Amino acid sequence: MRLTLNGRPVDVDPPGETTLLDFLRDHRGLTGTKRGCDRAECGTCTVLLDGAPVYSCRTLVHRCAGRAVETIEGLGTVDAPHLLQEAFVAEDATQCGFCTPGQIMAAVAVLARDADPTDEQIIAGLSGNLCRCGTHPKIVRAVRRAAAAMRTASHG
Amino acid sequence: MTGFAYHRPSSLDDALAALAEPGSLPIGGGSDLLAGIEEGHAAPTRVVELERIPELATITTQADGGVRIGGGVGIALLAEAPELSAFPVLRAACTAVGSPALRAMGTLGGNLAQRQRCWYFRSRVGCFKHGGTGCAAVDGEHVYHAIFASGTCHAAHPSDPAVALLVLDARVEVRSVRGTRMLDIEALYEGAAENVRSETVLAGDEVIVAVHLDAAARDGAQHWEKLTQRGAFDLALVSCAGVRRTDGSVRIALGGVAAGPWRAPHSVEEDIASGGLDEESIEALAARATYDATPLAGNAYKVQMAEAAIRRAAKTIAN
Amino acid sequence: MADPTKTPPRFVTTTVEVEGRTEERVVEVPAFPIEPWGPEAQLTHVGARASRVDGLLKTMGRAPYVTDVRRPNQAYAALVRSRIARGRVTAIDTTAARALPGVLDIITHADVPARTRLFLPEITYFGQPLAAVCATTPAIAEAAAALIRIETERLPHIMTVSEAETSETLVRPGLSHNLMGGGPKVVERGDVTAALATAEVLITREVRTPCALHSALEPHAAVAEWEGDRVTVWESTQGIFRVRDNVAKAFGLSLAQVRVICEAMGGGFGAKNNAGAHTFVAVAFAKRLGHAVACVVDRPGEQIDTGNRPSTWQRVTIAATHDGQLTAIDLEATVPLGIAGWEESPGDIYHELYACPNVRTSVRIAYVNTGAMAAFRAPGHAEGSVGLEMGLNALAQALGIDPLTLRERNIATHDQRRGRPYTGNRLAECYAEGARRIGWTSRATRTASAPHRRRGFGVASQVWSTGGGPPAYATVRLNPDGTAEVLAGSQDLGTGTRTILAQVAAEALGHRLDAVRAVIGDTATGPYNGNSWGSMTVASLTPAVRMAAEEARRALLDAAAGILTVAVDRLATHEGRITVRDDERSLAFGEVTAKLGNVMIQGHGSRGPNPDAVGIVTTGAQFAEVEVDTETGVVRVLRIVAVHDAGRIVNPTLAESQLEGGIIQGLGYACFEERPLDVRMGRPLALGLHDYKIPTHADIPLIDGHFLEGADPQANTVGARGIAEPAIIPTAPAIAGAVADALGVEVPDLPLTPWRVLAALQHAPQRHSP
């Protein structure tokens, strides 16, 4: 089977039971996607499948055949961070940081749907991503900030 | 998780043939099946993908205004499907499912066929569905359990869309190599509290090919409410769907209260349909609706919640 | 480095409070005196909203958590746990597991050193580790763990305090009594019986608080790798040196043979203070197999066996005069602790928070057959404040006094428990500022959003010892290019330790913040520091960093004075440059250090003793605004206003993050969180994060968190106190008070779930919407 991983085609043939999370972390060494619960209850493993947020812990790799998977590693780099990543730093929207990649991937999906989301839309879009440090207010602010920056960038 | 093969069928026939072989199970989004495999109440040697089979992946509006929803259509898609704009109760129920990721992963068929979330069932302890006797929840921890007992199991079915489909008189098209059958959504969950292998009547080789909504169920007044502890990412303590059809008839259903979606007594629906209700009569009919409730020691609050939800539904869909 | 003011190090004893417990500590007196930064100090980096230095890495998914460590040939271990609460292992069959391809090794009781106390055949709680398997991948290890058959003989378990008290049998071997200390722990100040007998007004209330689970999103995890007779352990921990001690002791190693690393960790909240079974399993397998082994606790294990905040039952009686002066507080409480743990008493806050001459607390803490407790953010106080504040609300109602006014009349001006003054207690200002922000006096004008909803307001307060203390050490060194490094064997739990250490060092050096980097999280590179617990890290460690930086700065100035041929006392530092008073000349730090070649300027800093006979506390008040649906019992928290006095705030942004975090955890405790337990089976039922409900984005109220400006120069040389635990203490009782205000009836038990709210409403007086 072939899937697209962060923009690049990848040919793989893992056992049927291999989850996307196992594949990313244990086969590909992409440890930015976190394993918080392994049972679709926390959101730390959120990645995008054809642009939609999914919990990679309960998504089989085979389900991704012919589809595009995007992980936090595909988003930005330290030298060229994504506007969401910059906004998360600017708003201090990380505490322990373990939920952060999942929050950001969920936020990418929110902003892809709506360039100028309301707080309610942001909250709804991130409501499947838990945070135990209680960073929620700053995460929502960061997404709002990134949305504004992305609108400016696309108009500028 | 124990090993299994993954089969992406080339056609519906291919899928059905694969499912006819022992050890095969259909997979939708996978969130419930993979949990079941891990927890040990499902042990497929092969899973068969359904969501990309054309017949299962599409929503079709019929000439008469009825709608056929493929069983593999994603919940997230349904939540916003323009084809369902005349069925807002279903869109609202789909929007209420889990979280954005669970909605993006989950399919309608998978959601309807998901297993109970009961913690005894999931822990495989004190549960007749796992070879035990009776239901440990009855004298145990059952705050989330059913208040309308219909058999041994006291779990409350977790599906939100099922509740909306019930008030829409949806029919479920089920297919296997042995043929096709149409079931009322109510019939899909017949015996849910006694069935061991599943909460639905689906045989191991059967799949939900489509859900059909009749044109007569379009528009009118439609209402949805889901009562939860958390503001999101939670199962219903009680959910309520209500419709008043354009012909004036009323249907009310609850989720979170029984082993499957639960339909209010017809006399209650008829009273709501007859209209002209004041606060007092609405209160009385809500109380009548839950008259047969048999709550356990620790979940009688759900009766209050159910009545509140029915009152609100009655008010919103009243003339 | 000649310093005429330097005197030989000497050691004295000082008092340090950790999680409410007082400990005597030997402390190294700093080499030279340092003038504390008082409230008026003009500071550049300290007090600034500096960005979290590791924030960007976290947003990239590149912060190196232990679960992300990948060593050569790394294998993965999984634990096999008991499925019964009490009994003993009679047989273990590993045949099927061993036959699974990819399985490398299996260990049971006989295979590990006795001091690890791993895999004891005597089962004393559900989820107790009984064996472990190691395999080439985590998935194989998990599959193999499920194949290990353990036969057990079941014994009756004990799950409640009353069972523990009356049972003939002990909940575990080695106890002499099921009650900690053999009976109730009674602490009394004054004469409560006499004061109650003459009370003008008296109320009694009973409340229950739930067993709460830490639920950090990163599970407990360790990776171990041996090199000869030395082992390196990567551990997600709040205390790298404590884990080093634990591992050395368990495996009979010297401290020099153990290195512990924790570069990034995904939350602890008190549950990650020690090495655990997973640590010892990783170390044991790594030794047997000769390569690195990771052991990550799975989510069910995390929710069952990594600690909890025990539930409590509290009966509080409060007496007061008609004008609202407290005259007596009497508490009877019980705590089912779990199979092990320490005495975290809900009673302590009753002695501290409000002024009252007669206070008695009688607390029965029972061992029971559930997982061991572990410190959880303000252990004891978070539970006790619920009973105390609900009691105060009841008293206010009985007296016909505004609940805020009642609290303002009973501010504890000094440390009543120990009969000493506080370095400061600005609780009155917190009340005033918080009341202003929430609009307390005009709250009656705020109406609910629908007829079936009711709006309510509540207030609660907080006191918590946050003075920190020694031992804490830091080294500050200047590189030849003038950049600086802070070395400290501390760790960053997500609080921002790295950022704050850099800020303090930059301030004391007179350096640019971006030229200073904190290197923490490694016992091999950083000097000793204690655990990040008890809201202590800032108050303990930053003075040591300041000291180290001041010493390095002195050495730098000595060198600069030689280069510039001026007297040292004419030199100053600012933003990485050395300037000369009344002189145009200046030098960049790098120009001086480059001239020194390989001579490295290093400053050594140690935390000085705490001031004698004085209490150091953070105080604060929180106000809650809620709306309750009276038909369904659903509570929604709309707003929390929090005002705290924590001395100097080193970084307001990070402090606000922590404050909001404490409030949101408190909200979860108030509204959702409880460990479901089947007492018949002795079995916890919540194995994940759906059945144990922590708040989601959709549950977050508007939070207005504010710190009073100021500094506490008496506390330490930086003037800072802690905030982590103070943040959570008043949240739940403020919310509970607001719900009671909305309903006109108290909901006595937390969390405030729909079923509890609806049950309470059945006893409520009828109230009609306006």
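Reading the values: the criteria
- Residues numbered from 1 in each chain as written.
- Chains lettered and ligands numbered in written order.
- Predicted model: local features only at pLDDT ≥ 70, side-chain atom pairs only at ≥ 80, totals over all residues.
- Helix = DSSP H or I, 4+ residues; strand = E, 2+ residues; numbered from the N terminus.
- Rg over C-alpha atoms; globule rule 2.2 N^0.38 Å.
- Buried ≥ 20, exposed ≤ 12 C-beta atoms within 10 Å, placed from the backbone.
- Contact = placed C-beta atoms within 7 Å.
- Expected span 1.5 Å × (residues − 1).
- Arc of directions from axis to C-beta.
- Axes fitted to C-alpha atoms, helices over the stretch in contact; angles between N-to-C directions.
- Parallel < 35°, antiparallel > 145°, perpendicular 65-115°, else oblique.
- Domains from an automatic or database assignment.
- Nonpolar A, V, L, I, M, F, W, Y, C, P; charged D, E, K, R; others polar.
- Left-handed = near helix turned anticlockwise from the far one by under 90°.
- Pairing = 2+ DSSP bridges.
- Core = buried A, V, L, I, M, F, W, Y, C linked by C-beta atoms within 7 Å.
- pLDDT = per-residue confidence, 0-100.

## Some thoughts on the overall build of chain C
Moving on, step 1. Looking only at helices and strands, one finds 18 helices and 32 strands in chain C.
Moving on, step 2. The C-alpha atoms of chain C give a radius of gyration of 27 Å, which matches the 27 Å a tight globule of 770 residues would have.
Moving on, step 3. Seen along its three principal axes, the alpha-carbon backbone of chain C occupies a region of about 85 × 70 × 50 Å.
Moving on, step 4. The buried share of chain C, reckoned over its 770 residues, is 62%.
Moving on, step 5. Contacts in chain C between residues far apart in sequence, at least 24 positions, make up 80% of those at least 6 positions apart.

## Structural notes on the overall build of chain B
Moving on, step 1. When helices and strands are tallied, chain B shows twelve helices and twelve strands.
Moving on, step 2. Taking 20 Å as the expected radius of gyration for a compact globule of 319 residues, we find that chain B reaches 19 Å, a close match to that expectation.
Moving on, step 3. Of the contacts formed within chain B by residues at least 6 apart in sequence, a portion of 64% connects residues at least 24 apart.

## Observations concerning helix H12 (residues 427-438) of chain C
All names here are of chain C.
Moving on, step 1. Counted at 1.5 Å a residue, the expected span for H12 with its twelve residues is 16 Å, and the 16 Å between its end C-alpha atoms agrees.
Moving on, step 2. Looking only at H12, the buried set comprises Leu-427, Cys-430, Tyr-431, Gly-434, Ala-435 and Ile-438. Here the buried residues of H12 occupy an arc of 125° about the axis, which is enough to place them on one side.
Moving on, step 3. Considering only its buried residues, H12 is in contact with helix H11 (403-408), strand S20 (453-465), strand S28 (617-629) and strand S29 (635-645).
Moving on, step 4. Of the residues trailing H12, Gly-439 is marked for its positive phi of about 75°.

## Observations regarding the packing of helix H12 (residues 301-317) of chain B against helix H18 (residues 754-761) of chain C
Moving on, step 1. Relative orientation of the contacting elements H12(B) and H18(C) amounts to 85°, with a least axis distance of 9 Å. Considered as vectors, H12(B) and H18(C) are oriented roughly perpendicular to each other. On H18(C), the residues touching B:Tyr301, B:Gln304 and B:Met305 of H12(B) are C:Pro754, C:Trp755, C:Leu758 and C:Ala759.

## As for the domain arrangement of chain C
Residues and elements named next belong to chain C.
Moving on, step 1. Split by domain assignment, chain C resolves into domain 1 (11-63 + 468-606) and domain 2 (424-467 + 611-770).
Moving on, step 2. Averaged C-alpha coordinates put domain 1 and domain 2 at centres separated by 35 Å.
Moving on, step 3. If you look at the interface, domain 1 gives 28 residues, while domain 2 gives 27 residues.
Moving on, step 4. Among the secondary structure elements, those contributing two or more residues to the side of domain 1 that touches domain 2 are helix H13 (497-509) and helix H14 (537-564).
Moving on, step 5. Looking at side-chain class alone, the side of domain 1 that touches domain 2 contains 13 nonpolar, eleven polar and four charged residues.

## Points about the packing of helix H3 (residues 100-113) of chain A against helix H4 (residues 119-126) of chain A
All names here are of chain A.
Moving on, step 1. Packing of H3 against H4 leaves a shortest axis separation of 9 Å and a crossing angle of 130°. Viewed along their axes, H3 and H4 adopt a mutual orientation that is oblique. At the point where H3 passes H4, the crossing takes the right-handed sense. Side by side, H3 and H4 meet where Gln-103, Ala-106, Ala-107, Ala-109 and Val-110 of the first sit next to Gln-121, Ile-122, Gly-125 and Leu-126 of the second.
Moving on, step 2. Looking at the contact of H3 with H4 residue by residue, the class counts come to six nonpolar, three polar and no charged.

## Let's talk about the interface of chain C and chain A
By a widespread convention, an interface's size corresponds to the accessible area lost as its parts come together.
Moving on, step 1. Taken together, the contacts link 47 residues of chain C with 44 residues of chain A.
Moving on, step 2. Taken together, the elements giving at least two residues each to the side of chain C that touches chain A come down to helix H1 (55-60), helix H3 (138-147) and helix H16 (652-671) of chain C.
Moving on, step 3. By residue number, the principal contributor to the side of chain C that touches chain A is H16(C), which donates nine residues.
Moving on, step 4. Here the residues of the side of chain C that touches chain A sort into 19 nonpolar, 19 polar and nine charged.

## Points about helix H17 (residues 731-743) of chain C
Moving on, step 1. Here H17(C) is 13 residues long and its end C-alpha atoms lie 18 Å apart, about the 18 Å a rise of 1.5 Å per residue gives.
Moving on, step 2. Of the residues flanking the end of H17(C), it is C:Gly744, one or two places downstream, whose phi is positive at about 80°.

## So, the interface of chain B and chain C
Moving on, step 1. Tallying the contact residues gives 20 residues for chain B and 25 residues for chain C.
Moving on, step 2. Those elements giving two or more residues to the side of chain B that touches chain C turn out to be helix H7 (119-123) and H12 of chain B.
Moving on, step 3. At four residues, H12(B) tops the list of elements feeding residues into the side of chain B that touches chain C.
Moving on, step 4. Here the side of chain B that touches chain C is built from residues that sort into eleven nonpolar, seven polar and two charged.

## Considering the pairing of strand S1 (residues 11-18) of chain C
Residue and element names in this part refer to chain C.
Moving on, step 1. Strand direction decides the pairing type here: S1 and strand S2 (residues 21-28), joined by eight bridges, are antiparallel. Residue pairing for S2: Glu-17 is matched across the bridge by Thr-22.
Moving on, step 2. Taken together, S1 and the strand that follows it, S2, pair antiparallel across an intervening segment of two residues, in which Glu-19 is found at a positive phi of about 50°.

## Description of the sheet that holds strand S32 (residues 702-707) of chain C
All names here are of chain C.
Moving on, step 1. Strand order in the open sheet formed by four strands is S20-S28-S29-S32, with mixed pairing between adjacent strands. Lying at the two open borders of the sheet, with one neighbouring strand each, are S20 and S32. Averaged over all pairs of adjacent strands, the angle between strand axes in this sheet comes to 15°, irrespective of strand direction.
Moving on, step 2. Note that S29 and S32 share six bridges and pair parallel. Considered in S32, the bridge of Ile-640 is made with Ile-703.
Moving on, step 3. Lying on the sheet, H17 is in contact with S20, S28 and S29; it crosses S20 at an angle near 155°.

## Topic: the nonpolar core
Moving on, step 1. Within the largest apolar cluster, 414 residues are counted, with the highest numbers of intra-cluster contacts made by C:Ala77, C:Val133, C:Ala282, C:Ala505, C:Val545, C:Ile735 and C:Val739.
Moving on, step 2. Residues within four places of C:Ala505 in sequence aside, it is in contact with C:Val476, C:Ala484, C:Val486, C:Val516, C:Val545 and C:Ala549.

## Looking at the sheet that holds strand S8 (residues 207-213) of chain B
Residues and elements named next belong to chain B.
Moving on, step 1. Spatially, five strands are ordered S4-S5-S8-S6-S7 in an open sheet, and the strand pairing comes out antiparallel. The sheet is open, and its two edges are formed by strand S4 (59-61) and strand S7 (179-184), each paired on a single side. In this sheet, adjacent strand axes meet at a mean angle of 20° when their direction is disregarded.
Moving on, step 2. Sheet topology places strand S6 (residues 171-176) next to S7; six bridges connect them, and they run antiparallel. Counterpart to Arg-175 in the pairing with S7 is Thr-180.

## Some remarks on the environment of C:Leu758
Moving on, step 1. Its place among the elements puts C:Leu758 in helix H18.
Moving on, step 2. Between the C-alpha atom of C:Leu758 and that of C:Pro684, which follows or precedes it by 74 residues, the distance is 25 Å.
Moving on, step 3. With sequence-adjacent residues up to four places away left out, C:Leu758 is seen in contact with B:Tyr301, B:Gln304 and C:Gly633.

## Some thoughts on the confidence of the model for chain C
Moving on, step 1. Across chain C, the average pLDDT comes to 95, with 98% of residues at 70 or higher.
Moving on, step 2. Across the whole predicted complex the pTM is 0.97, and at the interface the ipTM reaches 0.98.

## Let's talk about unusual backbone geometry
All names here are of chain C.
Moving on, step 1. Cis geometry is found at the peptide bond from Pro-470 to Pro-471, where omega equals -5°.
Moving on, step 2. As for its position among the elements, Pro-471 is in the loop between S20 and strand S21 (473-478).
Moving on, step 3. Here the amide bond leading from Leu-750 into Pro-751 is cis, since omega sits at -10°, within 30 degrees of zero.
Moving on, step 4. Counting through the fold element by element, Pro-751 comes out in the loop between H17 and H18.
Moving on, step 5. With a phi close to 60°, Phe-119 is a non-glycine residue in the positive phi region.
Moving on, step 6. Take Phe-119: it is sitting in the loop between strand S5 (103-107) and strand S6 (122-123).
Moving on, step 7. For Ala-613, which is not glycine, the phi torsion reads 55° and is therefore positive.
Moving on, step 8. Tracing the chain through its elements places Ala-613 in the loop between strand S27 (601-606) and S28.

## What to know about the environment of C:Gly534
All names here are of chain C.
Moving on, step 1. Looking at the secondary structure, you find Gly-534 in the loop between strand S23 (516-520) and H14.
Moving on, step 2. For the pair Gly-534 and Arg-21, spaced 513 residues apart in sequence, the C-alpha separation works out to 9.6 Å.
Moving on, step 3. Contact partners of Gly-534, with chain neighbours within four places excluded, come to Val-18 and Glu-19.

## Here we look at the environment of C:Ile563
Residues and elements named next belong to chain C.
Moving on, step 1. Along the chain, Ile-563 falls in helix H14.
Moving on, step 2. The exposure class of Ile-563 is partly exposed, given the 14 C-beta atoms found within 10 Å.
Moving on, step 3. The sequence separation of Ile-563 and Val-592 amounts to 29 residues, and the corresponding C-alpha distance is 7.7 Å.
Moving on, step 4. Those residues within four positions of Ile-563 in sequence are excluded, and the remaining contacts are Leu-587, Val-592 and Lys-595.

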